[in-house]
Amino acid sequence: MTTPIAHFNGQLLPLDKIHISPLDRGFIFGDGVYEVIPVYEGAMLRGREHFERLQRSMDEIRLANPHTVEEWLGLTQELLAHHPGNQSVYIQVTRGVPPTRDHVLPTGITPTVFMMCYALRSPSKEAIDNGVACITARDFRWEKCNIKSTSLLGNVLARQLSADVGATETILLRDGMLTEASASNVFVVKAGVVAAPPRDNLILMGITYDLLVQLANEGAVRLESRPVPEAELRSADEVWLSSSTKEVLAVTTLDGKPVGNGKPGPLFKRMHALFQEHKARLRARGTIAA
Ligand SMILES: Cc1ncc(COP(=O)(O)O)c(C=O)c1O
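Residues numbered from 1 in each chain as written. Predicted model: local features only at pLDDT ≥ 70, side-chain atom pairs only at ≥ 80, totals over all residues. Heavy atoms only, no water.

Draft legend 1. Seen up close, the overall build of the protein chain. For the protein chain, the count of helices and strands is eight helices and 15 strands. Principal-axis analysis of the C-alpha atoms gives the protein chain an extent of 55 × 45 × 35 Å. Burial status across the protein chain gives 50% buried among its 290 residues. Contacts spanning at least 24 positions in sequence make up 70% of the contacts within the protein chain whose residues lie at least 6 apart. Accessible surface for the protein chain amounts to roughly 13,500 Å². Of this, 56% is attributable to carbon and sulfur atoms. For the protein chain, the centre of its 31 positive side-chain charges and the centre of its 32 negative side-chain charges are spaced 3 Å apart. (Helix = DSSP H or I, 4+ residues; strand = E, 2+ residues; numbered from the N terminus. Buried < 20%, exposed > 50% of the residue type's maximum accessible area, 1.4 Å probe, protein only. Contact = heavy atoms within 4.5 Å. Areas by Shrake-Rupley, 256 points an atom, 1.4 Å probe, with all protein chains shown as cover. Lys, Arg positive; Asp, Glu negative; His and termini not counted. Charge placed at Lys NZ, Arg CZ, Asp CG, Glu CD.)

Draft legend 2. Fine view of the site of the ligand. Around the ligand, a shell composed of 16 residues is seen, among which R53, E180, I207, T208 and S244 lie nearest. Between R53 and the ligand, the recorded distance is 2.8 Å, taken from a side-chain N or O atom to an oxygen atom. One of the backbone N or O atoms of I207 is found 2.8 Å from an oxygen atom in the ligand. Listed by contribution, the elements that provide at least two residues to the shell around the ligand are β9 (177–181), α6 (207–218) and β13 (238–243). Grouping the amino acids of the shell around the ligand by side-chain chemistry returns four nonpolar, nine polar and three charged. (Near = heavy atom within 4 Å. Polar contact = N/O pair within 3.5 Å; in protein donor to acceptor, adjacent residues only side chain to side chain. Nonpolar A, V, L, I, M, F, W, Y, C, P; charged D, E, K, R; others polar.)

Draft legend 3. Inspection of the packing of aromatic side chains at higher detail. Applying the stated criterion across every chain, the model contains four aromatic pairs. With centroids separated by 5.5 Å and ring planes inclined at 10 degrees, the aromatic side chains of F51 and W72 adopt a geometry described as stacked. Note that F51 is positioned in helix α2 (residues 47–60) and W72 in helix α3 (residues 69–80), a separation of 21 residues in sequence. We classify F51 as buried; its relative accessible area is 0%. For W72, a relative accessible area of 0% gives the class buried. Among the aromatic residues, those joined into a ring-pair cluster are F187, Y209 and W240. (Phe/Tyr/Trp six-rings, centres within 6.5 Å; stacked < 30°, edge-to-face > 60°.)

Draft legend 4. Structural detail: the nonpolar core. In terms of nonpolar packing, the biggest core is built from 27 residues, with F187, V194, Y209, W240, M271 and F275 touching the most fellow members. Taken together, the elements giving at least two residues each to this core come down to β10 (185–190), β11 (193–196), α6, β14 (247–254) and α8 (266–285). Other than its neighbours up to four places away in sequence, W240 contacts N185, V186, F187, V189, V194, V248, L249, A250, V251, L267, F268 and M271. Membership of the second largest hydrophobic core comes to 21 residues, among which are V33, W72, L80 and I91. (Core = buried A, V, L, I, M, F, W, Y, C linked by side-chain atoms within 4.5 Å.)

Draft legend 5. A look at α8. For α8, with 20 residues, the first-to-last C-alpha span of 29 Å sits near the 28 Å given by 1.5 Å per residue. Directly beyond the C-terminal end of α8, a positive phi value near 65 degrees is found at G286. (Expected span 1.5 Å × (residues − 1).)

Draft legend 6. Region of the structure containing the sheet that holds strand β1 (residues 5–8). With antiparallel pairing, six strands are arranged side by side in an open sheet as β2-β1-β6-β5-β3-β4. The sheet terminates laterally at β2 (11–14) and β4 (43–44), the two strands that pair on one side only. Relative to strand β6 (residues 112–119), strand β5 (residues 87–94) runs antiparallel, the two being bridged by eight bridges. Its bridge partner lying in β6, V89 is registered against C117. Against the sheet, α3 makes contact with β1, β2, β3 (32–40), β4, β5 and β6, and its axis sits at roughly 45 degrees relative to β6, the strand it touches most. (Pairing = 2+ DSSP bridges. Axes fitted to C-alpha atoms, helices over the stretch in contact; angles between N-to-C directions.)

Draft legend 7. Focus on the confidence of the model for the protein chain. Of the residues in the protein chain, 98% have a pLDDT of 70 or more, and the chain-wide mean is 97. At the low end of the mean pLDDT range in the protein chain sits α8, at 94; at the high end sits β9, at 99. (pLDDT = per-residue confidence, 0-100.)

Draft legend 8. Structural view of the environment of V132. Note that V132 resides in strand β7 (residues 132–138). A C-alpha to C-alpha distance of 16 Å links V132 and L172, two positions 40 residues apart in sequence.

Written as structure tokens, this is what we have:
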């Protein structure tokens, strides 16, 4: 197998030729931010919105962005020229390599930029048709979950709890309220109305979340962003996950108990269909930022 081409600090290089200093703040402190953009046959889904979120993450950690959104989109296109088909583009920016290890933010160093692609693994037909199993856990992460930080240990440990029991995701509860899952946003449906936790610092504001809000509006599906108590999650008719790779996925068991009738519900099917239509339009236009 040939080594894939990746981007490193302005250059396209084979992935195995890229070397990063052990003093890089990303390695030492997890001091960096990232994005993952789904690409369907060369067309980025919401590329611009992903780079706008990258900017918000960088603002939160006081890191100067080395590129404008337009430049980022161009760099991504250059990389994608080497990666046809459906891809995930991974973009990471760390604070760079200071002369020594010190918690205090260094000045005058250049951020490290790394981008790579790998085959997009969209949900299987089985997962779409039957839904997936999830468990719940206490949200033991920090209070800046709105930053798409490379410091993912909290999310990694949360995800492992579900992996340990063969489930797809760990849905997190903080002080009796739903927040999100280890790598997805969560929606609940009751009596035909969809609800998702509010846009605050306790969740990562998903680009897919926003897309689902838009598709719900266009499709006359009622969707509210508001606090969701644990009891509402546990008594929901439907529960969904959303993320750039999962798209929208029905949760059909929660902590081993069926959600609703244990099958993907009617509103999930509607949103899933709207999502697929949106992707088909995107592919047809070949646009980068729809
Ligand atoms: C913690 C967390 N929440 C939500 C999401 C969903 O975000 P997006 O729809 O932008 O992929 C992700 C995606 O990786 C995530 O890691």
